Amino acid sequence: MIRLEDTYRHKGQRRELVNLLRKKGITDEGVLNVINAIPRHFFFESALHSHAYEDKAFPIGEGQTISQPYTVAFQTELLAVKQGDKILEIGTGSGYQAAVLFLLGAEVHSIEYQPKLYERTKKFLPRLGISINFYQGDGSKGLPAQAPFDKIIVTAGAPVVPHSLLEQLNVNGILVIPVGDRNSQKMLKLTKVSPTEIMQEEYDNFAFVPLLGDEGWKSSK
């Protein structure tokens, strides 16, 4: 079993990362505190530990990445997580974003398209004391069996906003999703102000791996 060790050096690197995120405009102290608390290097292969606190995305296998810390902080800040929120995460990946949501007090339901990543992260997160609900399947269709949700966060780039996700939101619920082409997406925050009315806010461009599935991109395989 891999030994999980969080040293003074790692903690210092996290403080530096949090200071950088503040300079880049992240203001939610709850989000910053959680990022400061989570040993991000635990989510990396040991050979890449020296890169864990750089503000960059890194490959985690199966064509997926662990998102840039700024991206994680930005999406989480838009989500405005409250204690007890029932949140659906589309794209479990390494589990880092799910850990952030869990430590903010959310009830997290996370679905991963890639079976190998699903199996790996399902075994790994409990070792950190992170307790979420894991699912494997097509996240573009949401998780109707567990709906409705207070918040939904999508950690892959979509060609359009999946209708299923909006349907599975509570009234006053928030969906944060990057939408665009396969290379660049605009971050959207959609608030369901009534059963038939959606308020949309647009933010900066980001670059995510593609959201695969029936209401996302078709697999290139």
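See the structure above.
Residues numbered from 1 in each chain as written. Predicted model: local features only at pLDDT ≥ 70, side-chain atom pairs only at ≥ 80, totals over all residues. Heavy atoms only, no water.

Overview of the overall build of the protein chain
Just so we agree on the cut-off: The way it works is that DSSP assigns letters per residue, a run of H or I at least four long becomes a helix, a run of E at least two long becomes a strand, and they are numbered from the N terminus. Only the C-alpha atoms count toward the radius of gyration. The rule for a globule is 2.2 Å times the residue count to the power 0.38. Any two residues whose heavy atoms approach within 4.5 Å are treated as being in contact. Under the convention used here, a 1.4 Å probe and the Shrake-Rupley method define accessible areas, while residue burial counts only the protein chains that appear. Charge counting treats Lys and Arg as positive and Asp and Glu as negative, with His and both chain ends excluded. The atom standing in for a charge is NZ when the residue is Lys, CZ when it is Arg, CG when it is Asp and CD when it is Glu.
Looking only at helices and strands, the protein chain has six helices and nine strands in total. Computed over its C-alpha atoms, the radius of gyration of the protein chain comes to 16 Å, within 12% of the 17 Å expected for a compact globule of 221 residues. For the protein chain, the spread of C-alpha atoms along the principal axes amounts to about 50 × 40 × 30 Å. A fraction of 54% describes how many contacts in the protein chain between residues 6 or more apart in sequence connect residues 24 or more apart. Carbon and sulfur atoms provide 51% of the accessible area of the protein chain, an area that totals close to 10500 Å². Charge centroids of the protein chain, computed over 25 positive and 25 negative side chains, lie 6 Å from each other.

A closer look at the sheet that holds strand 9 (residues 197-206)
Which entries qualify depends on this criterion: Strands were regarded as paired on the criterion that DSSP finds at least two bridges between them. Comment: axis = line fitted to C-alpha atoms, over the contacting stretch for helices; angle = value between 0 and 180 degrees taken between N-to-C directions.
What the seven strands build is an open sheet, ordered 5-4-3-6-7-8-9; its pairing is mixed. Unpaired on one side and paired on the other, strand 5 (133-136) and strand 9 mark the two borders of the sheet. Geometrically, the sheet is characterised by an average inter-axis angle of 15 degrees between neighbouring strands, direction not taken into account. Examined bridge by bridge, strand 7 (residues 169-180) and strand 8 (residues 185-194) share seven bridges and lie antiparallel to one another. Counted as the bridge partner of I174 is T191 from strand 8. Across the sheet, helix 5 (residues 115-124) is in contact with strand 4 (107-112) and strand 5; its angle to strand 5 comes to roughly 160 degrees.

Structural notes on helix 4 (residues 96-103)
A turn of α-helix holds 3.6 residues, and therefore any two residues three or four places apart point the same way. Applicable threshold: Summary of the burial criterion: residues with accessible area below 20% of their type's maximum are buried, those above 50% are exposed, and those between are partly exposed, where the area comes from a 1.4 Å probe applied to protein chains only.
When you tally the buried positions in helix 4, you get six out of eight residues, the bulk of the element. Within the sequence span of helix 4, burial applies to Y96, Q97, A98, A99, V100 and L101. In the stretch just after helix 4, G105 is the one whose phi turns positive, near 100 degrees.

Things to note about the packing of aromatic side chains
Keep this limit in mind: Centres within 6.5 Å make a pair out of two Phe, Tyr or Trp rings, where for Trp the six-membered ring is used; the pair is then stacked when the planes are under 30 degrees apart, edge-to-face when over 60, and tilted otherwise.
Counting across every chain of the model gives eight aromatic pairs. Between Y70 and F206 the ring centres are 6.3 Å apart and the planes differ by 15 degrees, which places this aromatic pair in the stacked class. Placement of Y70 in helix 3 (residues 69-79) and of F206 in strand 9 is noted, with a sequence separation of 136 residues between them. Across the pair, F206 and Y70 agree in class, each one buried. For the pair F206 and F208, a centre-to-centre distance of 6.4 Å together with 50 degrees between the ring planes defines the contact as tilted.

What to know about unusual backbone geometry
Cis geometry marks the peptide bond from A147 to P148; its omega dihedral reads 5 degrees. Inspection of the secondary structure puts P148 in the loop between strand 5 and strand 6 (149-154). The backbone of A80 shows a phi angle near 50 degrees, a positive value even though the residue is not glycine. As for its position among the elements, A80 is in the loop between helix 3 and strand 3 (86-90). A80 sits in the partly exposed class, given a relative accessible area of 29%.

A look at the pairing of strand 6
When you tally the buried positions in strand 6, you get five out of six residues, the bulk of the element. Note: strand 3 against strand 6, four bridges, orientation parallel. In the sheet register, L88 faces strand 6, and the bridge partner there is I152. Strand direction decides the pairing type here: strand 6 and strand 7, joined by four bridges, are parallel. Its bridge partner lying in strand 7, I152 is registered against L175.

Focus on helix 2 (residues 29-37)
Operational definition: This arc is built from the directions going out from the helix axis to the C-beta atoms.
Among the residues of helix 2, V31, L32, V34 and I35 are the ones counted as buried. For helix 2, the arc enclosing every buried residue in end-on projection is 165 degrees, short of the 170-degree limit, so these residues lie on one face. Buried residues along helix 2 sit against helix 1 (8-23), helix 3 and helix 4.

So, the side chain of Q75
Looking at the element boundaries, Q75 is found in helix 3. Here Q75 falls in the buried class, since its relative accessible area comes to 1%. Contact partners of Q75, with chain neighbours within four places excluded, come to Q97, I153, V154, T155, V176, P178, M187 and F208.

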